[in-house]
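# Residue-level structure breakdown
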Amino acid sequence: MTGMFYQLTKGELGAGRDQGACVAWRTPVARESFPRDLVGLPRHFTRRHSLKLPRKILIGLTSSPNRLEHGKIENLAIRSQRLDSDGVGAMITNRDEKNHLSEFSDALQTVAKALEDVAVKKALAQDEAAQWKHKYELELLRNSQLERSIASRALDSSRQDNLSVTSVISEGDIDATEFRSSPQNTQTRSNGYLQYKETIQNSKVLSYSPDLFNNLYLDTQLDSKISEKASFTLTLDPVDERRKEQNHDLVSFDDGDINAEVRSNKQIALVWNSSPASVFILLKPNAAAVQQLCEEMVWWLREQNVTKIYVEPRVKAELMEENADFEFIQTCETEKQLVTINKSVDLVITLGGDGTMLWAASLFKGPMPPLVAFSMGSLGFMTKFQSSMYRESLQAIMKGPAYITLRHRLHCQIIRHDRETDDNTSSESAEYLVLNEVSIDRGMSSALSNLECFCDGHFVTIVQGDGLIISSPSGSTAYSLAAGGSVVHPQVPGILFTPICPHSLSFRPLILPDYVTLRVQLPLNCRGQAWASFDGKGRQQLWGGDALIVRMSEWPVPAVCEKESSGDFLRSVRESLHWNRRNIQLADERPSPSH
Ligand SMILES: NC(=O)c1ccc[n+]([C@@H]2O[C@H](COP(=O)([O-])OP(=O)(O)OC[C@H]3O[C@@H](n4cnc5c(N)ncnc54)[C@H](O)[C@@H]3O)[C@@H](O)[C@H]2O)c1
Ligand SMILES: Nc1ncnc2c1ncn2[C@@H]1O[C@H](COP(=O)(O)OP(=O)(O)OP(=O)(O)O)[C@@H](O)[C@H]1O
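Residues numbered from 1 in each chain as written. Chains lettered and ligands numbered in written order. Predicted model: local features only at pLDDT ≥ 70, side-chain atom pairs only at ≥ 80, totals over all residues. Heavy atoms only, no water.

Going by an unreviewed UniProt entry, the protein carries the name NAD(+) kinase and comes from Physcomitrium patens.

Here is the structure:
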């Protein structure tokens, strides 16, 4: 035997030919020693980073080093260069054929390492590109906000009061960018979800200007008229006296001892600076009771001096069918108008179940006004307000203060693999904001899904099963719960990583910190298809080479609490999910020894 060559094509181990001296090596030992991580590793690498993997890798064993060097080794060397500067390292020479198996195994390990390194480099490069893109977009948004503010001043000096509020308040824009991208920056993360700038870092007050809720994300071409939204202030823990003395550093270094007295346990209260006067009501469709309540609520809101009431076009048509007097209700016909509505809405009200709340959140593809969710569904985990008490509840909320749960959303981006150029950086991409989760499943395919997962560029695992759920804490009680994920309080900053029916005994769900960027990609050679769903909607098919990038969004859903964040959450866990429901054990009827 002069030599043996093994071809690695599409992640499969096969046998090649060396000048007619080929030995087909298909023993179980060789297969077992084939490193698992190598199977299905991405083989599509951008030209920009020169990380394109070869379609075929040759691994040679020979008893003649010279032949390797001057024969097939040429082929190997070329491929090695493409793979990594360190080379494949799989060319092994061995005069002792008995040791071939172990040498071959070592060689494969080396190749696996090289492949993994390249995959990690690629993921890092793409994550970095995504982060830069994101920073760039934020910068654009800030600039356009600034420009609008300047234009507004020039246009109308009589609105000076409003403008001065805006300029002061703009210091306190809620923005989660820094804390996400900077895990080390514990100071700015001291309040969990809120990040506010130096000037007000210790003031315990976050203020929202009307401009804050303009839908900057979607459209910057809208009119630059001064918004008529009511302004308000979000105050950290104004009521709880016990916590007044606490400073907001997550970690303090007093006396050189590191302690963490204050964690992300703040309650957030909303205080209106001026009364809310415009409301957007969203209804669950095809429910007579919901429509009836909406009609009642509209008249009542008018009595409360709510001057602008918006509904969806479908709802306006239904209301007008009932009573032509509803003409005053406003609506939108186009997406652009919807954005304009978002700019001037003080409060969003949903009448329905959790699905209606998800629907409402999906309409706001950027900042969102406070949301009050009335329960008119079957489960109502997140919809804590009783519809029969809407007058009392809305009166209290519009007077303020009201507790708020900032329900964080996930920003998801699909990056399509360009099948023509064989890379996936240049193709079009679609973006989504989800309140619950993005799930990737195998759709109609009967094959195992095969999803390669990276976290901040680090290889995590390959999901082989029905799919994967990447969930927000709010979504932890939805699909993720059904797949065995932990129930997480909505104010715990994290991202849930929950497999769906993994074909493995040891694949436990994970909870990752909220600053990470996750990347899930389909190998080019995947057998089945995959589908991504966003809060159970908008299904998108993913093909081999496509990737999904998920990170925490900076635009949460500020949900008004019925009582306060923890009280509402625990009540839902007990009453909606019947968590730990069990008959209480009977008391011991024997007298205790002391009696
Ligand atoms: N196997 C499952 O449990 C499963 C499967 C698919 C989708 N879902 C969930 O359904 C959601 C879409 O909801 P929908 O109302 O539009 O669809 P839907 O009408 O199919 O209802 C899904 C159910 O999940 C509940 N739900 C939704 N969000 C919740 C949350 N955050 N906490 C607790 N319960 C919640 C709803 O109250 C409803 O009863 C998806 O985001 C997904 O989480 C669950
Ligand atoms: N305004 C809307 N427009 C279109 N679809 C909507 C709207 N509101 C709700 N939906 C959809 O209608 C479906 C049912 O709504 P919802 O979940 O609120 O009711 P439910 O199932 O009775 O309540 P629960 O979620 O408490 O079980 C959901 O899939 C939701 O996405």
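### Focus: the pattern of salt bridges
Stated precisely, the cut-off is as follows: Note on definitions: salt bridges are taken to be side-chain nitrogens of Lys or Arg within 4 Å of carboxyl oxygens of Asp or Glu. Exposure is judged per residue with a 1.4 Å probe applied to protein chains only, and the accessible area is read against the type maximum: over 50% gives exposed, under 20% gives buried, and values in between give partly exposed. Where helices and strands are cited, they refer to DSSP runs of H or I of at least four residues and of E of at least two residues respectively, numbered from the N terminus.
Within this structure, the stated rule accounts for twelve salt bridges. When the shortest N-O distance is used, the salt bridge between Arg 314 and Glu 312 registers 3.7 Å. Judged by relative accessible area, Arg 314 falls into the partly exposed class, the value being 30%. The class of Glu 312 is buried, set by a relative accessible area of 11%. Here Glu 327 and Lys 316 are joined by a salt bridge, their closest N and O atoms 3.9 Å apart. Of this pair, Glu 327 sits in the loop between helix H8 (313-322) and helix H9 (335-343) while Lys 316 sits in helix H8; the two residues are eleven residues apart in sequence, bridging distant segments of the chain. Exposure remark for Glu 327: the relative accessible area of 49% places this residue in the partly exposed category. Each of Glu 562, Lys 563, Arg 571 and Glu 575 takes part in one network of salt bridges that share partners.

### Description of the domain arrangement of the protein
To keep it simple, the criterion reads: Those domain boundaries reflect an automatic or database domain assignment. Here's the idea: put two parts together, see how much 1.4 Å probe accessible area each one loses, and the total over both is what we call buried area. Under the rule applied, a polar contact is a pair of N or O atoms within 3.5 Å (in protein, one hydrogen donor and one hydrogen acceptor; residues adjacent in sequence only if both atoms are side-chain atoms). Following the grouping adopted for this structure description, the nonpolar residues are Ala, Val, Leu, Ile, Met, Phe, Trp, Tyr, Cys and Pro, the charged ones are Asp, Glu, Lys and Arg, and the polar ones are all others, Gly among them.
For the protein, the domain assignment lists domain 1 (254-407) and domain 2 (410-418 + 428-552). For domain 1 and domain 2, the distance between their C-alpha centres works out to 29 Å. Roughly 970 Å² of surface becomes buried between domain 1 and domain 2 when both sides are summed, with 61% attributable to carbon and sulfur atoms. Here domain 1 is connected to domain 2 by zero salt bridges. Inspection of the region where domain 1 meets domain 2 yields one residue pair in polar contact (both at pLDDT 80 or more). Looking at the side of domain 1 that touches domain 2, the elements that each hand over two or more residues are helix H10 (354-363) and strand S13 (402-407). Tallying contributions element by element places S13 first for the side of domain 1 that touches domain 2, with four residues. Residue classes in the side of domain 1 that touches domain 2 are distributed as nine nonpolar, three polar and three charged.

### What to know about the site of ligand 1
Worth spelling out the cut-off: We call a residue near a given molecule or strand whenever any one of its heavy atoms falls within 4 Å of it. A 1.4 Å probe and the Shrake-Rupley method give the accessible areas. Residues count as covered only by the protein chains that appear here.
Around ligand 1, the surrounding shell holds 16 residues, and the nearest of these are Asp 354, Asn 436, Glu 437, Thr 477 and Ala 478. In the environment of ligand 1, a nitrogen atom lies 3.1 Å from a nitrogen or oxygen atom belonging to the backbone of Ser 474. Coverage of ligand 1 by the protein chains reaches 63% of its 780 Å² of free accessible surface. Those elements that provide at least two residues to the shell around ligand 1 are H10 and helix H12 (479-482). Ranked by residues supplied to the shell around ligand 1, first place goes to H10 with three residues. Of the residues in the shell around ligand 1, the class split is seven nonpolar, five polar and four charged. Residues lining the shell around ligand 1 come from more than one domain, with at least three contributed by each of domain 1 (254-407) and domain 2 (410-418 + 428-552).

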